[in-house]
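Survey of secondary and tertiary structure
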Amino acid sequence: MSHDEDDFDNEYDFDEADDDSVESQVWQLLRLINPGDDDMALQQFADYREAVAEIDPEDVVPVEVIGRVIDWRSGFIVDEHDLRSLVQAINELASRWNLSIDWNGDPDDDEFFDDIDAAGLFGIAYDRLAEFGYTLWAWETESESHAGWMTLTRDNEPMRELATMLGVNLRLGSEVS
C-alpha cells in the first residue's frame, strides 16, 4: 500500500454506519460500481474530491461530478442519438469483467441500428448482463444524453438507497424508455 493510500485510510473511515456525508455516499457508490476494484474506486474518489474542491459547495451536483470522473472507466455518458457509442460504452463496461454482450445482431453493421433505439439497446444489455449477475443502470442527465453504470445484482438495493440519498434519478437499464 502506498503512503497516499495509508493517509487516505487513516483520514477517512467511511465504514462507520453513522457517516452519512456526501463524500461517504460517493465513496460507497464508487465501490459499488467498481466491484472488487478498490484501486479504481480510490482513484476515482481522489478525482472526485479534486473536482469538487474547485466548485462552490452550493453548486456541487454529485452525480455530475461522478459522471465526469468515471466516464469510459466505470460508467458512461453518451449523446442520446449516438447509438454506436452507447453500444461501445456498455461493451467497455462489460469487458472489465470479461463479459461479452450478444446484441442480437452485429453492431458493426450499419443496418443493425435501423430498427433499434437506445431503450432497446439498454434492454438487451440489461437482460444479457443479468444472466451473469450484473445490473445495468441508467441515470438521468441534465443534457440530451444517456448515462449509466453497472453493479453486481446483489448490490441493487444499496445502489437504490445511495442514489436516493445523492439525488440521482436512477433506474434499471430495462426501464429506459
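Just so we're clear, the structure is a prediction, and the values are computed from it rather than from any experiment. (Residues numbered from 1 in each chain as written. Predicted model: local features only at pLDDT ≥ 70, side-chain atom pairs only at ≥ 80, totals over all residues. Heavy atoms only, no water.)

1. Overview of the overall build of the chain
When helices and strands are tallied, the chain shows seven helices and four strands. Counting from the amino terminus, helix and strand elements in the chain follow one another as α-α-α-α-β-α-α-β-β-α-β. Each of the 177 residues in the chain was classed as buried or not, and the buried ones make up 47%. Residue pairs at least 24 apart in sequence account for 54% of intrachain contacts in the chain once pairs closer than 6 positions are excluded. Of the roughly 9,600 Å² of accessible surface on the chain, a fraction of 41% belongs to carbon and sulfur atoms. (Helix = DSSP H or I, 4+ residues; strand = E, 2+ residues; numbered from the N terminus. Buried < 20%, exposed > 50% of the residue type's maximum accessible area, 1.4 Å probe, protein only. Contact = heavy atoms within 4.5 Å. Areas by Shrake-Rupley, 256 points an atom, 1.4 Å probe, with all protein chains shown as cover.)

2. With respect to the nonpolar core
In terms of nonpolar packing, the biggest core is built from 58 residues, with Phe76, Trp103, Leu121, Leu136 and Trp149 touching the most fellow members. Phenylalanine 76 has contacts with Asp71, Leu86, Ala89, Ile90, Leu93, Phe122, Leu136, His146, Ala147, Gly148 and Trp149, leaving out every residue within four places of it along the chain. (Core = buried A, V, L, I, M, F, W, Y, C linked by side-chain atoms within 4.5 Å.)

3. Digging into the pairing of strand 3 (residues 145–152)
Within strand 3, eight of the eight residues are buried, which leaves it mostly tucked inside the rest of the structure. Pairing analysis gives five bridges linking strand 1 (residues 75–79) to strand 3, with the strands arranged antiparallel. In the sheet register, glycine 75 faces strand 3, and the bridge partner there is tryptophan 149. Both strand 2 (residues 134–139) and strand 3 contribute to a ladder of six bridges, which runs antiparallel. Residue pairing in the sheet places threonine 135 in a bridge with threonine 151 of strand 3. (Pairing = 2+ DSSP bridges.)

4. Side note on helix 6 (residues 118–130)
With 13 residues, helix 6 should cover 18 Å at 1.5 Å per step; its first-to-last C-alpha distance of 18 Å lies within 8% of that length. With ten of its 13 residues buried, helix 6 lies for the most part within the structure. Those residues of helix 6 not exposed but buried are Ala118, Ala119, Leu121, Phe122, Gly123, Ile124, Ala125, Tyr126, Arg128 and Leu129. The inward-facing, buried residues of helix 6 abut strand 1, helix 5 (83–95), strand 2, strand 3 and strand 4 (170–172). (Expected span 1.5 Å × (residues − 1).)

5. Focus: the pattern of salt bridges
Here the structure, examined in full by the defined rule, presents six salt bridges. In this structure, the salt-bridge partner of arginine 96 is aspartate 37, at a minimum N-O distance of 3.3 Å. Taken as a pair, arginine 96 in the loop between helix 5 and helix 6 and aspartate 37 in the loop between helix 2 (22–32) and helix 3 (38–53) lie far apart in primary sequence, 59 residues in all. Measuring nitrogen to oxygen at the nearest pair gives 3.2 Å for the salt bridge that ties aspartate 47 to arginine 73. With a gap of 26 residues between them, aspartate 47 in helix 3 and arginine 73 in the loop between helix 4 (62–70) and strand 1 connect regions that are remote in the sequence. (Salt bridge = Lys/Arg side-chain N within 4 Å of Asp/Glu carboxyl O.)

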